[in-house]
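Working through the structure, step by step
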Amino acid sequence: MSRHESRQKLALEFGATDIVTERGEAGVARVKELTGGIGADSVLECVGTPESMQQVLLSTRPGGNVGFVGVPHGVAIDGEQLFYSHVGLRGGPAPVRGYLPDLIQRVFDGRINPGKVFDLTLPLDEVAEGYKAMDERRAIKALLRP
C-alpha cells in the first residue's frame, strides 16, 4: 500500500505484484478485491497510526496474521473486534543485534543492496531535513553523512 511513486517502483523491483493506493475502507475493499473477497494471508503494519492498524486488521483474512513493527502512536485495539476477526496480531521491538551480523555479511558479499532505499543524502547536521523529507514523501529514506 503506497501513494509514493518512488516506493512503488522499489516495491515492484523487490517483487510486489500489486500496488494499492487507496486508504481506509477503500483500501480494505481493494485488498479484498485482489484476494477474491477473502483478505490477505499476512499483512505488515509499518506506520503506527490508529488508521493504518485498523486498515490492516480489516484487510487480513480470518486465520491470517498481522505483524507490526515500529512504535504504535495512539493505537488502541478493540479486543472484541480482534477476537471475532480470527486474525492473529504480533509485534514488538526488532531483535536487531541477533540478525545484524548476518545482514552485514550479506551486504559485504553483495547478496543484498540496502542502499536502494536511500534516495536522499544529507550531511549529519541536516538530520531534521531528512526526517521532514521522509515525512513529506520527498524521500524514501535519508542517508546521513558525517
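Here goes a summary of the coordinates provided. Being a predicted model, the structure only gives us computed values, none of them experimental.

For the structure on display, the rule yields eight salt bridges. Here Glu129 ties to Arg138 by a salt bridge, and the two come within 2.9 Å at their closest N and O atoms. Given the relative accessible area of 46%, Arg138 is considered partly exposed. Each of Glu129, Glu136 and Arg138 takes part in one network of salt bridges that share partners.

This brings us to the sheet that holds strand β1 (residues 40-45). Strand order in the open sheet formed by three strands is β1-β2-β3, and the pairing between neighbours is parallel. At either end of the open sheet lies a strand with only one pairing partner, and these are β1 and β3 (88-91). Going from strand to strand, the sheet's axes swing by 15° on average, the running direction of each strand aside. Note that β1 and strand β2 (residues 60-68) share five bridges and pair parallel. Bridge pairing links Val43 to Val66 in β2. Lying on the sheet, helix α3 (residues 50-59) is in contact with β1, β2 and β3; it crosses β2 at an angle near 145°.

Turning our eyes to something else, we now look at the environment of Gly64. You can see Gly64 is positioned in strand β2. For the pair Gly64 and Leu89, spaced 25 residues apart in sequence, the C-alpha separation works out to 8.9 Å. Leaving out residues up to four positions away in the same chain, Gly64 has contacts with Asp41, His86, Val87 and Gly88.

Once that is clear, we can look at the packing of helix α2 (residues 24-34) against α3. Orientation of α2 relative to α3, taken along the N-to-C sense of each, is 25°, at an axis distance of 9 Å. Relative to α3, α2 is oriented roughly parallel. Crossing of α2 against α3: the hand is right-handed. Residues Gly24, Gly27, Val28, Val31 and Lys32 of α2 touch α3, and the partners they reach there are Gln55, Leu58 and Ser59.

Rules used throughout
Residues numbered from 1 in each chain as written. Predicted model: local features only at pLDDT ≥ 70, side-chain atom pairs only at ≥ 80, totals over all residues. Heavy atoms only, no water. Salt bridge = Lys/Arg side-chain N within 4 Å of Asp/Glu carboxyl O. Buried < 20%, exposed > 50% of the residue type's maximum accessible area, 1.4 Å probe, protein only. Pairing = 2+ DSSP bridges. Helix = DSSP H or I, 4+ residues; strand = E, 2+ residues; numbered from the N terminus. Axes fitted to C-alpha atoms, helices over the stretch in contact; angles between N-to-C directions. Contact = heavy atoms within 4.5 Å. Parallel < 35°, antiparallel > 145°, perpendicular 65-115°, else oblique. Left-handed = near helix turned anticlockwise from the far one by under 90°.

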